[in-house]
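Residue-level structural notes
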Amino acid sequence: MATFFIFMFLPLISALAVPFLYKYLNRQVHTGWFVLLVPLTIFIYLLQYIPHVAAGETYKYTLSWIPSFNINITSYVDGLGLLFGLLISGVGTLVIIYSIFYMSKIREALHNFYVYLLMFMGAMLGLVFSDHLLVLYGFWELTSVSSFLLISYWYERQSSRQGALKSLLITVLGGFGMLAGFIMLIIIGDTYSIRELMANMNMIQGHALFIPAMLCILLGAFTKSAQFPFGIWLPDAMEAPTPVSSYLHSATMVKAGIYLVARMTPIFGGSAVWFWLVAGIGIITLLYGSLTALKQTDLKALLAYSTISQLGMIMSLLGVGSLAVYFGPGESGTVFTVATFAALFHLFNHSTFKGSLFMVVGIIDHETGRRDIRYLGGLMQVMPITFTIALIGAFSMAGLPPFNGFLSKEMFFGAVTEVSHAGIFGLGNIGMAFPIIAWVASIFTFVYCMIFVFKTFGGRFRSEKLTREVHEAPLGMLISPIVLGLLVILIFFFPNVLAKYILAPALTAVLPMMSVSAYDLKISAWHGLNMELLMTIGVVVVGILLFKTAKRWIKAVRNYPQRLTLNHLYNQTLRGTERLSAALTNRYMTGSLRHYLIYIFAFFAILLMGSLLLFYGIRFDFANNASVSVFDAGLVIGMIIAALTVLLTSHRIVAIVALGALGYMVSMFFVIFRAPDLALTQMVVETVTTVLFLLCFYHLPKLAKDIERIPFKLTNLLISAAVGLTVTVLALSANGHKLFESITSFFENAYELAGAKNIVNAILVDFRGFDTMLEISVLTIAGLGVYILIHQRSKRADASEASLLEADSRSSAHQTFRRGQDETE
């Protein structure tokens, strides 16, 4: 158990060491060589699980965290988690190899880059192996935070900051919705465990919160996996360095939503709402992404929208596959189980070809200084290896043989064709829309894949349009895309090795009610002349015609009005929100302390008094009150006089003495109420503070004698009276209501519970220890912030002084030079 958690948290632990490695070793060795060991070690470790998981075994590990609240880090290794774990660590290894040659150790802040990347990797591993819903949510949000840091890595660019902010706003919004869905699931199933929820799915599906929980969880999945209409953040995430884009798009963040839908399929699958949302939104996203990709001239933007399209395809397959839960074991269920299998297969294939394509774009950008298709062309002549990799990846994405994308695309066509014959959930004529939309979107996919390859590498080589002298990329940058390209081809020829050891166990995890052995999982490139093959032939024929005639129609697509796009809607919403908040802020942020106090106290009085009246909370019960002695009354009168003296006196010394007297009288109340330790503490504090006040204020000038008379304001009187009345009524009502049993008996047992003889100390130190620790943490963070600000200010001051000295030196040298010239003349 301990070994698994060591490897699971290895990226997060290693992130702590990266700054030190960078500081002491970066000048000699690229930091990436040390970071490379982390994903490589995890990948090798996870390989040992493959034969056991393929044989049907699963592993559960529990690390105690907050057992009193039943929150433990419970990890579960099954086929689905292992599939994602291998992708995260395997592709992560290739991405880091690529980054070593892409990211300069001289110009780039590599310590930041690799810390963020390791955080991201650790968050994804924790997410896919978590069985506890709240722990999964914690890792989920950590992926949003770490991706925000990666996207904004070049934070000097405004576009990087805006892209990072957009991704954070959208994904965190979805994450909050997902958290609400998780809480509903916990309420329904009375458990935090996903395994236990899956075991009780029949009970869960009959609950009133079933649909709300489903909608909230899908909101989180759709925002994270860039489904329509939330996919607008993904193209803006292209502002990150290319290694990040390759990792984020192929194996990590965008696949998190896919993972969540697959993991929740046993719980929500079989429901009409789940089917229509997952399959419907997925197929719409497929069409939207493929059509929008045609508009792009930037290669990274084109691949970003293609990722949206491919994610929509996978999501729609998961939705279609969820029908297997409805039909159960049998012929009908078996047909739709193949759709889930196709989703997992294409998920793996997408990681291979999309990772290689992003690396190809990074190579093009790195070697030519351009990513715009309009300035590229003829690169095949000078970059033949890069061209070969691009050809393999793009043709696989287009669904052409002999590449792995062809196999999963054929299975996709077969799945959407079967939907039209399902005969449930109103899938009559509407069901025919699935194969039609899939076919049209696949044509667009084919066209933009051809544009990617032949507009970039074909045609005339235009060196005058490029900013650098073009040559083939160094071998180090080619290693990773070559490995991924070889996988694309090898999977086509040996797909059943992957199916047997990786995909079949993952399918069992997604659809545990279906028997994998009940149908043939063999993947074959040839099934005869069937509908799927005819659809593929149609895609190729129509796609070639559209590509050849692209000059006649593609401008119409690219000239689509920007005001009708989702990005424009997002920007307008953001600007409108900012304008509204600025208008509201300007109305109450007047710079007047009196206004601020009016807002605070008025809100306080209205909220509390309104709650007391609305919920019938006002109740006075003086039956058990102690009698008020003459000492009590005298102390109260003395406190009132001291307080008024502080407000009305014109001498500082008198005000300080009156304030000290007020504190001493409070300590007398502690004595009357039999709390001598509190009284002693109060007296010590009052004595020290009074002396400090006197020492400080003695050196200040006296108060001005010409104090203006403050005019009477009815608003002040009403708010003051309302606050006083509210506090009084609240205190008396709290004393009159006994809704819960008193906790005094618990604290009276302080000696046994905390080993403390002083009950007050036990409450402050032991029972409230966690609260005290957080207060200390806040002070520590504030202290660090102050130190950093002072330190940075000192550095800027030193730099400014140095620049001034340098300028003076240059000016002096210039004057000396001029005098020398004058003397010579």
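What counts, and at which threshold
Residues numbered from 1 in each chain as written. Predicted model: local features only at pLDDT ≥ 70, side-chain atom pairs only at ≥ 80, totals over all residues. Heavy atoms only, no water. Helix = DSSP H or I, 4+ residues; strand = E, 2+ residues; numbered from the N terminus. Buried < 20%, exposed > 50% of the residue type's maximum accessible area, 1.4 Å probe, protein only. Contact = heavy atoms within 4.5 Å. Areas by Shrake-Rupley, 256 points an atom, 1.4 Å probe, with all protein chains shown as cover. Salt bridge = Lys/Arg side-chain N within 4 Å of Asp/Glu carboxyl O. Bend = angle between axes of the 7 residues up to and from the residue. Phe/Tyr/Trp six-rings, centres within 6.5 Å; stacked < 30°, edge-to-face > 60°. Lys NZ or Arg CZ within 6 Å of the ring centre and 35° of its normal.

Take the overall build of the protein chain next. A count of helices and strands for the protein chain gives 36 helices and 2 strands. Dimensions of the protein chain along its principal axes, counting C-alpha atoms only, are 105 × 100 × 55 Å. The 825 residues of the protein chain split such that 48% are buried. Here the analysis covers contacts within the protein chain between residues at least 6 apart in sequence; of these, 80% occur between residues at least 24 apart. For the protein chain, the exposed area adds up to about 41,300 Å²; of that, 67% sits on carbon and sulfur atoms.

Once their charged atoms are close, side chains differing in charge can pair, the charge on each being opposite to the other. The full count for this structure, using the stated rule, is 7 salt bridges. The residue D131 makes a salt bridge to R195 at a minimum N-O spacing of 3.3 Å. Linking D131 in the loop between α7 (110-129) and α8 (133-151) with R195 in helix α10 (residues 194-199), this pair joins segments that are 64 residues apart in sequence. For R195, a relative accessible area of 16% translates into the label buried. Here R371 and D365 are joined by a salt bridge, their closest N and O atoms 3.5 Å apart. By relative accessible area, R371 is classed as partly exposed at 23%.

With that settled, consider helix α24 (residues 495-510). Along α24, the helix axis deviates most sharply at L503, where the bend reaches about 40°; the proline P505 sits within four residues downstream. Residues P495, L498, A499, I502, L503, A504, P505, A506, L507, A509 and V510 constitute the buried set of α24.

Glancing now at the packing of aromatic side chains. Across all of its chains, the model carries 36 aromatic pairs by this definition. Seen in terms of ring centroids, F84 and Y259 are 5.2 Å apart; in terms of plane orientation they differ by 80°. Their pairing is edge-to-face. Pair noted here: F84 is in helix α6 (residues 79-102) and Y259 is in helix α15 (residues 253-268), with a separation of 175 residues, a long-range link. Owing to a relative accessible area of 1%, Y259 belongs among the buried residues under this scheme. When the ring of F395 is compared with that of F454, the centres are 6.5 Å apart and the planes differ by 55°; the resulting orientation is tilted. Of this pair, F395 sits in helix α20 (residues 384-398) while F454 sits in helix α22 (residues 433-457), and the two are 59 residues apart along the sequence. Overall, F395 belongs to the buried group, its relative accessible area being 17%. Judged by its relative accessible area of 34%, F454 is partly exposed. Taken together, the ring pairs connect F4, F5, F7, F9, Y45, Y49, Y59, Y61, F129 and F139 into an aromatic cluster. Positioned above the aromatic ring of Y76, the side-chain terminus of R195 is 3.7 Å from the ring centre. A cation over a ring is seen here: R370 above Y375, with NZ or CZ 4.4 Å from the ring centre.

Treat this as a map of the structure, not an account of what it does.
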